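Report on the structure
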Amino acid sequence: MLQAFDVRLLRFLMIIGWVLIFLFPGLDYYGQANGGEASFPQSIGTFCYFFYFCLGYLISRYVQRILKGSREVLLFVAAYVLTVFSQLFLEERGIDYLIKPTYFGVSIMALFGFDLLVRVKVDEMYPKVSSFFREAYRCVFWMYFVSMPMQMILTRYVFGTTYLQEKSNLVVLTGMMLGLWILTFGLSLIVVWTFRKCAWGIKKDR
């Protein structure tokens, strides 16, 4: 379906989509933190997953790098720092919001992180890592459905404990967010991979 679009047209549409799906709703939280009212419905974030799908396709089709590797790494780190400080700022202002894939800082991290992964010749340099990513790719559809409940469980029973909340500061919060993302991805992958293996074994027995 996406192949019917010219790369330049698709890129233009995605810029418009990013502004509407990520940037405006994200800035809207800062408006709420300063006493304003919510202007964007939360349901608009549902479209972010289709955006990420299109983003992956566009980066795969794009011949040249978006930026040089060192600049991409710096912008990835800058987006991560922005995300952490945004969480701290919103919590300080009493906004009950947990950073999600719909936040524009996360979308910037996804953009440059995926572009870096695509440009690295993983197959030649790290065959075991390449095998891991191929296996994860086979599980990615069902991981989408498992990841949100997994993140809720980890947030409540691991990262939402009284001890961690009392020790909350910039360093702890940064580690908690990074740990939450890594554990959510890892445990979701394990659950889906185990289910696929068990289902495949049952199918073979028949």
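Structure shown above.
Quick summary incoming for the structure in this document. (Residues numbered from 1 in each chain as written. Predicted model: local features only at pLDDT ≥ 70, side-chain atom pairs only at ≥ 80, totals over all residues. Heavy atoms only, no water.)

**Some remarks on the overall build of the chain**
Threshold: Numbering goes from the N terminus for both helices and strands, where a helix is a DSSP run of H or I of at least four residues and a strand is a run of E of at least two. Relative accessibility thresholds used throughout: buried, under 20% of the residue-type maximum; exposed, over 50%; partly exposed, between the two (1.4 Å probe, protein chains only). By definition, residues are in contact when any of their heavy atoms lie within 4.5 Å. The Shrake-Rupley method, run with a 1.4 Å probe sphere, supplies the accessible areas, and residue values consider only the shown protein chains as cover.
Within the chain, the secondary structure is distributed over eight helices and zero strands. Put simply, the chain runs from its N terminus to its C terminus through helices and strands in the order α-α-α-α-α-α-α-α. By the burial criterion, 30% of the 206 residues in the chain qualify as buried. For the chain, long-range pairs separated by at least 24 residues make up 77% of all intrachain contacts whose partners lie at least 6 apart in sequence. Surface summary for the chain: the accessible area is close to 13800 Å², and the carbon and sulfur share equals 68%.

**Observations concerning helix α1 (residues 7-33)**
Put simply, the test is: Helix span is expected to be 1.5 Å times the residue number reduced by one. Bend at a given residue is defined as the angle between two axes, one fitted to the seven residues that end at that position and one fitted to the seven that begin there.
The terminal C-alpha atoms of α1, which comprises 27 residues, lie 38 Å apart, in line with the 39 Å expected from a rise of 1.5 Å per residue. Of all the bends found along α1, the most pronounced is centred on V19 and spans about 35°. Positive backbone phi, at 100°, marks G35, one or two positions downstream of α1.

**Observations regarding the nonpolar core**
Worth spelling out the cut-off: Buried residues of nine kinds, namely Ala, Val, Leu, Ile, Met, Phe, Trp, Tyr and Cys, make up a nonpolar core once their side-chain atoms join them within 4.5 Å.
Counting 15 residues, the largest nonpolar core has M14, F22, C48, F51, Y52, L55 and L58 as its most contacted members. At the level of elements, α1, α2 (48-61) and α4 (104-119) are the ones that each hand at least two residues to this core. Looking at this core element by element, the count peaks at seven residues for α2. Excluding anything up to four places from it in sequence, L55 contacts M14, A110 and L111. Core analysis: the next-biggest nonpolar cluster, separate from the first, contains six residues, A79, V84, M109 and M177 among them.

**Let's talk about the packing of α1 against α2**
As a reminder, the rule being used: Only the stretch in contact is used when a helix axis is fitted, and all axes are lines through C-alpha atoms; the angle between N-to-C directions ranges over 0 to 180 degrees. Crossing handedness: left-handed means the near helix sits turned counterclockwise from the far one by under a right angle, and right-handed means the same turn made clockwise. Under this grouping Gly is polar, as are all residues other than the nonpolar Ala, Val, Leu, Ile, Met, Phe, Trp, Tyr, Cys and Pro and the charged Asp, Glu, Lys and Arg.
For the pair α1 and α2, interaxial distance at closest approach is 11 Å and the crossing angle is 150°. For the pair α1 and α2, the crossing hand works out as left-handed. On α2, the residues touching V7, L10, R11, M14, W18, I21 and F22 of α1 are C48, F51, Y52, C54, L55, Y57, L58 and R61. Residue composition of the contact of α1 with α2, grouped by class: 13 nonpolar, no polar and two charged.

**Points about a nonpolar patch on the surface**
Rules: Surface patches are defined over residues having more than 30% relative accessible area and no salt bridge, joining like charges when they lie within 9 Å and nonpolar side chains (Val, Leu, Ile, Met, Phe, Trp, Tyr) when within 5 Å. Here, a salt bridge means any side-chain nitrogen of Lys or Arg that lies within 4 Å of a carboxyl oxygen of Asp or Glu.
Together, L9, F12, L13, I16, L20, F24 and L27 give the surface a local cluster of nonpolar side chains, amounting to about 620 Å² of exposed area. With respect to the element layout, F24 can be found in helix α1. For F24, a relative accessible area of 36% gives the class partly exposed.

**Some points on the environment of G56**
By the secondary structure assignment, G56 is in helix α2. Spatially, the C-alpha atom of G56 lies 8.2 Å from that of L111, the residues being 55 residues apart in sequence.

**Quick notes on the packing of aromatic side chains**
Definition in use: Only rings of Phe, Tyr and Trp enter the pairing, Trp through its six-membered ring, and a pair is recorded when the two centres are within 6.5 Å. The plane angle decides the type: under 30 degrees is stacked, over 60 is edge-to-face, the rest tilted.
A full pass over the atoms with the stated rule returns five aromatic pairs. Through a chain of ring-to-ring contacts, three or more aromatic side chains come together here, namely F22, F51 and Y52.

**Some points on α2**
Taking 1.5 Å as the rise per residue, α2 with 14 residues should run 20 Å; its terminal C-alpha atoms sit 20 Å apart, in good agreement. Residues C48, F51, Y52, C54, L55, G56, L58 and I59 constitute the buried set of α2.

**Remarks on the side chain of T83**
Stated precisely, the cut-off is as follows: Polar contact is defined as a pair of N or O atoms within 3.5 Å, subject to the rule that within protein one atom must be able to donate a hydrogen and the other to accept it, and that residues adjacent in sequence are counted only when both atoms are side-chain atoms.
Secondary-structure assignment places T83 in helix α3 (residues 69-92). Residue classification places T83 among the buried positions, given a relative accessible area of 0%. Among the polar contacts listed, one links the side chain of T83 to the backbone oxygen of A79, at a separation of 2.8 Å.

**What to know about the environment of L111**
Mapping L111 onto the fold places it in helix α4. Exposure remark for L111: the relative accessible area of 24% places this residue in the partly exposed category. For the pair L111 and I59, spaced 52 residues apart in sequence, the C-alpha to C-alpha distance is 8.3 Å.

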